[in-house]
Amino acid sequence: MIKLTSYFNDFAHLFFPHVCEGCGTDVLNNESLICAACFVKLPETGFIKEPNNPAEKIFYGRIKVEAAGSAFYFTKHSLLQHLIFQLKYRGNKDVGFYLGKLMGSQLMQTNRFDDVDVIIPLPLNPRKERKRGYNQAAMIAEGIIEVWKRPILKDAVQRLVFTETQTHKDRISRWQTMEGVFATLNEEAIKSKHVLLIDDIVTTGATLEACGEKILEVPDTKLSIITAAYTI
Ligand SMILES: [Zn+2]
């Protein structure tokens, strides 16, 4: 029996051909962003199912997290770097959805995040979001819940001011610049909830820490964090 959906996908492929984001081959399942050969080369960290992993340790002594993890290593000139670049600077939001689905599958393989109630994508500065057209963390969250079912809360926390890239600053001044960047708009929505905060990449953890701090100010909340990528 011919499956109508797959027939339709093959048919649609003729009109909307797309190639592998990794190597450019056009031998691609319509649902996929990269081919099977590139997929196996994605550097999975295994952090999401591993307690005390390096991504989780970033937050030790800074903010109380129930669990944290990152799905893939972010290395220079890697396919993952290319994908994140497409997502953040080339308007390719499908990348976010795709990475999110992979993260959702990783979440399905562990019980470490089972008592999470809601997902919050790290909010972008509204001006930046308007310019990009979307929040990449929200795209990732949409992909996650396609596989790992949880409600997404988009407007419970808001990002207020614009912050420049802060890689040249030390941790103390970075922390000071993060003060007052996030505000809770809807405390009722997250009160007594275990929140899973999502972002594309974790480097110093300063932004996630600042946003997580705001979430934990709401009575009886718990916090977990996952990102698509982890910088070595
Ligand atoms: Zn490929």
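The coordinates are above.
Not measured: the values here are computed from a predicted model.

1. Topic: the overall build of the protein chain
Link 1 in the chain: What the protein chain contains, in helices and strands, is 10 helices and 6 strands.
Link 2 in the chain: Residues classed as buried in the protein chain amount to 47% of the 232 residues present.
Link 3 in the chain: Taking all contacts inside the protein chain whose residues are at least 6 apart in sequence as the whole, residues at least 24 apart take part in 73%.
Link 4 in the chain: On the protein chain, roughly 12300 Å² of surface is accessible, and the fraction owed to carbon and sulfur atoms is 54%.

2. Let's talk about the coordination of the zinc ion
Link 1 in the chain: The zinc ion binds to the protein through Cys20 (SG), Cys23 (SG), Cys35 (SG) and Cys38 (SG), with metal-donor distances spanning 2.3 to 2.4 Å.
Link 2 in the chain: Classification of the site at the zinc ion as tetrahedral follows from its 4 donor atoms and the range of 106 to 115° in their angles at the metal.
Link 3 in the chain: On the accessibility criterion, cysteine 23 (48% relative accessible area) is partly exposed.

3. Some thoughts on the sheet that holds strand E5 (residues 194-202)
Link 1 in the chain: The 4 strands are arranged E1-E6-E5-E2 in an open sheet whose pairing can be described as parallel. Looking at which strands have only one partner, the edges of the open sheet turn out to be strand E1 (68-74) and strand E2 (118-121). Here the strands of the sheet are splayed against their neighbours by 20° on average, with no regard to which way each runs.
Link 2 in the chain: Strand direction decides the pairing type here: E5 and strand E6 (residues 222-231), joined by 8 bridges, are parallel. By the bridge assignment, valine 202 is partnered in E6 with tyrosine 230.
Link 3 in the chain: Of the strands in this sheet, E2, E5 and E6 touch helix H7 (residues 136-147), which is tilted by about 120° from E5.

4. Comments concerning the nonpolar core
Soluble globular proteins tend to bury their nonpolar side chains together.
Link 1 in the chain: If you look at the biggest cluster of nonpolar residues, it comprises 38 residues, and the most contacted ones within it are Leu80, Leu83, Phe113, Ile144 and Ile226.
Link 2 in the chain: Looking at this core, the elements with two or more residues in it are E1, helix H4 (79-89), helix H5 (93-108), H7, E5 and E6.
Link 3 in the chain: No other element matches H5, which puts 6 residues into this core.
Link 4 in the chain: The contact partners of phenylalanine 113, leaving out residues within four places of it in the chain, are Ile48, Ala67, Ala68, Gly69, Leu107, Trp148, Arg150, Leu196, Ser224, Ile225 and Ile226.
Link 5 in the chain: Within the second largest apolar cluster, 28 residues are counted, among which are Leu208, Cys211, Leu223 and Ile225.

5. Things to note about the pattern of salt bridges
Link 1 in the chain: Per the counting criterion, the structure on display carries 7 salt bridges.
Link 2 in the chain: The residue glutamate 66 makes a salt bridge to lysine 64 at a minimum N-O spacing of 3.1 Å.

6. Observations regarding the pairing of E5
Each regular strand carries side chains that alternate between the two faces of the sheet.
Link 1 in the chain: Across the 9 residues of E5, 9 count as buried, placing the element largely inside the fold.
Link 2 in the chain: Of the strand pairs in this sheet, E2 and E5 are connected by 4 bridges, and their pairing is parallel. By the bridge assignment, valine 118 is partnered in E5 with valine 195.
Link 3 in the chain: The parallel pair E5 and E6, bridged by helix H10 (residues 206-217), forms a crossover whose chirality is right-handed.

7. Here we look at the packing of H4 against H5
Link 1 in the chain: Interhelical geometry of H4 versus H5 gives an angle of 130° and a closest axis separation of 7 Å. Judged on the interaxial angle alone, H5 and H4 are oblique. For H4 against H5, the interelement crossing comes out left-handed. On H5, the residues that touch Leu80, Leu83, Ile84, Gln86 and Leu87 of H4 are Lys93, Val95, Gly96 and Leu99.
Link 2 in the chain: When grouped by side-chain class, the residues that make up the contact of H4 with H5 number 6 nonpolar, 2 polar and 1 charged.

8. As for the environment of arginine 127
Link 1 in the chain: In this fold, arginine 127 is placed in helix H6 (residues 126-132).
Link 2 in the chain: Judged by its relative accessible area of 56%, arginine 127 is exposed.
Link 3 in the chain: Along the backbone, arginine 127 and leucine 160 are 33 residues apart, and their C-alpha atoms lie at a distance of 9.7 Å.

9. Considering unusual backbone geometry
Link 1 in the chain: Positioned with a positive phi, asparagine 52 is a non-glycine residue whose angle comes to about 60°.
Link 2 in the chain: Tracing the chain through its elements places asparagine 52 in the loop between helix H2 (36-41) and helix H3 (54-57).
Link 3 in the chain: Unusually for a residue other than glycine, serine 192 sits at a positive phi of about 60°.
Link 4 in the chain: One can find serine 192 in the loop between helix H9 (187-190) and E5.

Conventions adopted
Each chain has its residues counted from 1, running along the sequence as written. Thresholds applied to this predicted model are a pLDDT of at least 70 for local features of residues and 80 or more for the giving and counting of side-chain atom pairs; totals over whole chains, interfaces and linings are not thresholded and use all residues. Think of the side-chain values as coming from all heavy atoms in the structure, minus any hydrogens and water. Each helix is a run of H or I in the DSSP string that is no shorter than four residues. Each strand is a run of E no shorter than two, and both are numbered from the N terminus. Burial status follows relative accessibility: with a 1.4 Å probe on protein chains alone, a residue under 20% of its type maximum counts as buried, one over 50% as exposed, and anything between as partly exposed. The contact criterion used is simple: two residues touch if any of their non-hydrogen atoms lie within 4.5 Å. Accessible surface is estimated by sampling points in the Shrake-Rupley manner with a 1.4 Å probe; for residues, cover comes only from the protein chains shown. The donor definition counts N, O and S atoms within 2.8 Å of each metal and applies 3.2 Å to Na, K and Ca; water is not among these atoms, so some sites may look incomplete. When four donors show all angles between 85 and 135 degrees the site is tetrahedral, when four or six donors have opposite pairs over 155 degrees and all other angles between 65 and 115 it is square planar or octahedral respectively, and in every other case it is irregular. Strands are labelled as partners when DSSP assigns at least two bridges between them. Whenever a helix is involved, its axis is fitted only over the stretch in contact; in every case the axis is a line through C-alpha atoms, and angles between N-to-C directions fall within 0 to 180 degrees. Residues belong to a common nonpolar core when they are buried Ala, Val, Leu, Ile, Met, Phe, Trp, Tyr or Cys residues joined through side-chain atoms within 4.5 Å. Whenever a carboxyl oxygen of Asp or Glu lies within 4 Å of a side-chain nitrogen of Lys or Arg, that contact is scored as a salt bridge. For crossovers, right-handed means that the path from the first strand over the helix to the second runs clockwise, given strands pointing away from the viewer. Our angle categories are set so that under 35 degrees counts as roughly parallel, over 145 as roughly antiparallel, 65 to 115 as roughly perpendicular, and the remainder as oblique. By definition, any crossing whose near helix is turned counterclockwise from its far helix by less than a right angle is left-handed, and any crossing with a clockwise turn is right-handed. Charged means Asp, Glu, Lys or Arg here, nonpolar means Ala, Val, Leu, Ile, Met, Phe, Trp, Tyr, Cys or Pro, and polar covers whatever is left, Gly included.

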